[in-house]
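# A closer look at the structure
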Amino acid sequence: MQKNLLRFYPDPCEKVSIKGLYLAHQLHKLGTAESPFVYANFLSSLDGRIAVEDAVQGATHIPKHITTASDFGLFMELHAQADCIITHGGYMRALGEGRLGNILQVRDKELVEWRKNNGLKPQPAVIIASASLDFPLHSSLQEHAQAVYIATGRNADPDRIRYWQDLGYPLLFTGEDLMVYGAPLIDALSGLGYKAIYLIAGPQMLDTVVREKQLSRLYLSMTHQLIGGKDFRTLLTGAMLGPEGNLILDALYYEQDSPPGSGQFFMQFGLERSTGTDI
Ligand SMILES: NC(=O)c1ccc[n+]([C@@H]2O[C@H](COP(=O)([O-])OP(=O)(O)OC[C@H]3O[C@@H](n4cnc5c(N)ncnc54)[C@H](OP(=O)(O)O)[C@@H]3O)[C@@H](O)[C@H]2O)c1
């Protein structure tokens, strides 16, 4: 059965299909190599949590009851439009240990076909941001012939730097200390010719790309659930933001009874990207 959403904004309010909703945004055409289109997608609870800490394991996770097939389908439609995705060392460790599923590739046949028909490579390049440089690579990256770059800071451990260089992986030094910073990272990816960059990393990377005015669009799914939890993560990690934290609503969709007994908003916000002289 075709699932529908209600579009509340922009008006007029109307029913729209979920399937193909984000694919229609044609994100792969919105950027240029000089000025790539950088986008991110997060799922948040009504009380602002994107993950909660597991008291037993001490690690954070996204509670299963806030996730839906609709949200994941839209996440993958965004993935399908990227020529490059940004993930991080923490995800590669979780993937290696089987704690998280593999989202490094577009698997859905229709989406793979869509990439082909729209002039994109079968799979996006993968950027792994890491300060520790201590993570395993996943075999699927080689199986799908994906370009892999490792982004880190100039003061990263020299032994770890050599380790990756000896294996033939290019490193992008995009920060003065151990960390990767948004502006030099996007500048380096622009230099590599990427035009549609999808940030699938966590709050630390979102923080630096927003703070350094590198994000073009934020997709935010907000489940109408209060989830509580004493230890939790929210969208950002750093100090208070100024005007760079001001977003403009471009679209708001409502899905009723999803997850069952609740509902969710799918929101899309525009941000003003830096031209390079104003940060
Ligand atoms: N609800 C959602 O939409 C959503 C989205 C994303 C994540 N989450 C959840 O939120 C929780 C925390 O997120 P997370 O663990 O993905 O991300 P995170 O805490 O922001 O970062 C985790 C790792 O990424 C690397 N990293 C991040 N920023 C970096 C930077 N600027 N420079 C260099 N390395 C950097 C570091 O790896 P190294 O240790 O290798 O240096 C770091 O340990 C998790 O439970 C996750 O599942 C939820």
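Overview of the structure. (Residues numbered from 1 in each chain as written. Predicted model: local features only at pLDDT ≥ 70, side-chain atom pairs only at ≥ 80, totals over all residues. Heavy atoms only, no water.)

Among the 23 residues in the neighbourhood of the ligand, the closest are listed as Thr 60, His 88, Arg 93, Ser 130 and Ala 131. In the model, an oxygen atom of the ligand is placed 2.8 Å from a nitrogen or oxygen of the Gln 204 main chain. Comparing atom positions with the cavity grids shows the ligand to sit within the largest pocket. Sorting the residues of the shell around the ligand by element identifies strand S3 (37-44), strand S5 (60-61), helix H2 (89-96) and helix H7 (203-211) as the ones contributing at least two each. Considering only residue class, the shell around the ligand consists of 12 nonpolar, nine polar and two charged. (Near = heavy atom within 4 Å. Polar contact = N/O pair within 3.5 Å; in protein donor to acceptor, adjacent residues only side chain to side chain. 1 Å grid on protein atoms, 1.4 Å probe; cavity = no way out; pocket = protein on both sides within 12 Å on 5 of 7 lines; lining within 4 Å. Sits in = over half its atoms within 2 Å of the grid points. Helix = DSSP H or I, 4+ residues; strand = E, 2+ residues; numbered from the N terminus. Nonpolar A, V, L, I, M, F, W, Y, C, P; charged D, E, K, R; others polar.)

Turning our eyes to something else, we now look at the side chain of Ser 216. Residue placement: Ser 216 occurs in the loop between H7 and strand S11 (217-223). When residues no more than four places from it in sequence are discounted, the contact partners of Ser 216 are Pro 36, Phe 37, Val 38, Phe 269, Gly 270, Leu 271 and Arg 273. (Contact = heavy atoms within 4.5 Å.)

Helix length check: helix H1 (residues 69-80) (12 residues) gives 16 Å between terminal C-alpha atoms against 16 Å at 1.5 Å per residue, within 8%. Every buried residue of H1 is listed here: Ser 70, Asp 71, Leu 74, Phe 75, Met 76, Glu 77, Leu 78, His 79 and Ala 80. (Expected span 1.5 Å × (residues − 1). Buried < 20%, exposed > 50% of the residue type's maximum accessible area, 1.4 Å probe, protein only.)

Next up on the list: the side chain of Arg 115. Relative to the elements of secondary structure, Arg 115 occurs in helix H3 (residues 109-117). No salt bridge is formed by the buried Arg 115, whose closest oppositely charged neighbour, Asp 83, lies at an N-O distance of 7.3 Å. For Arg 115, the side chain forms a polar contact with the main-chain oxygen of Pro 122, separated by 3.1 Å. (Lys, Arg positive; Asp, Glu negative; His and termini not counted. Salt bridge = Lys/Arg side-chain N within 4 Å of Asp/Glu carboxyl O.)

Take the layout of surface pockets next. Roughly 1,900 Å³ of volume is contained in the largest pocket. Taken together, 47 residues line the largest pocket, and the ones lying closest to its centre are Ile 62, His 88, Tyr 91, Leu 100 and Gly 202. Counting residues per element, the ones that place at least two in the lining of the largest pocket are S3, S5, H1, strand S6 (84-88), H2 and H7. When the residues that make up the lining of the largest pocket are grouped by side-chain class, the tally is 22 nonpolar, 18 polar and seven charged. (Points joined across faces, edges and corners; volume = space filled by probe spheres on them.)

Bringing the environment of Asp 11 into the picture now. Structurally, the position occupied by Asp 11 is in the loop between strand S1 (4-9) and strand S2 (14-17). When its relative accessible area of 63% is taken as the criterion, Asp 11 is described as exposed. Expressed as a C-alpha distance, the spacing of Asp 11 and Phe 265, which sit 254 residues apart in the sequence, is 15 Å.

Looking now at the sheet that holds strand S4 (residues 51-53). What the three strands build is an open sheet, ordered S5-S4-S12; its pairing is antiparallel. The two strands at the open ends of the sheet, each matched to only one other strand, are S5 and strand S12 (232-233). Bridge count between S4 and S5: two bridges; the pairing is antiparallel. Bridge assignment links Val 52 to a residue of S5, and that residue is His 61. (Pairing = 2+ DSSP bridges.)

What follows is about the packing of aromatic side chains. Tallied over the full model, the rule gives 12 aromatic pairs. Arranged with centres 6.5 Å apart and planes meeting at 75°, the rings of Tyr 149 and Tyr 194 form a pair that is edge-to-face. With a gap of 45 residues between them, Tyr 149 in strand S8 (residues 148-152) and Tyr 194 in the loop between helix H6 (182-191) and strand S10 (196-199) connect regions that are remote in the sequence. One exposure class covers both Tyr 149 and Tyr 194, and it is buried. Taking 5.9 Å as the distance between ring centres and 75° as the angle between the ring planes, the aromatic pair formed by Trp 164 and Tyr 169 counts as edge-to-face. According to the relative accessible area criterion, Tyr 169 is partly exposed, its value standing at 23%. Site record: aromatic cluster; members linked through ring pairs are Phe 37, Tyr 39, Phe 72, Phe 75 and Tyr 198. Just above the ring of Phe 232 sits the side chain of Arg 49; from NZ or CZ to the centre is 3.7 Å. Positioned over the ring face of Tyr 163 is Arg 160, at 4.4 Å from the centre of the ring. (Phe/Tyr/Trp six-rings, centres within 6.5 Å; stacked < 30°, edge-to-face > 60°. Lys NZ or Arg CZ within 6 Å of the ring centre and 35° of its normal.)

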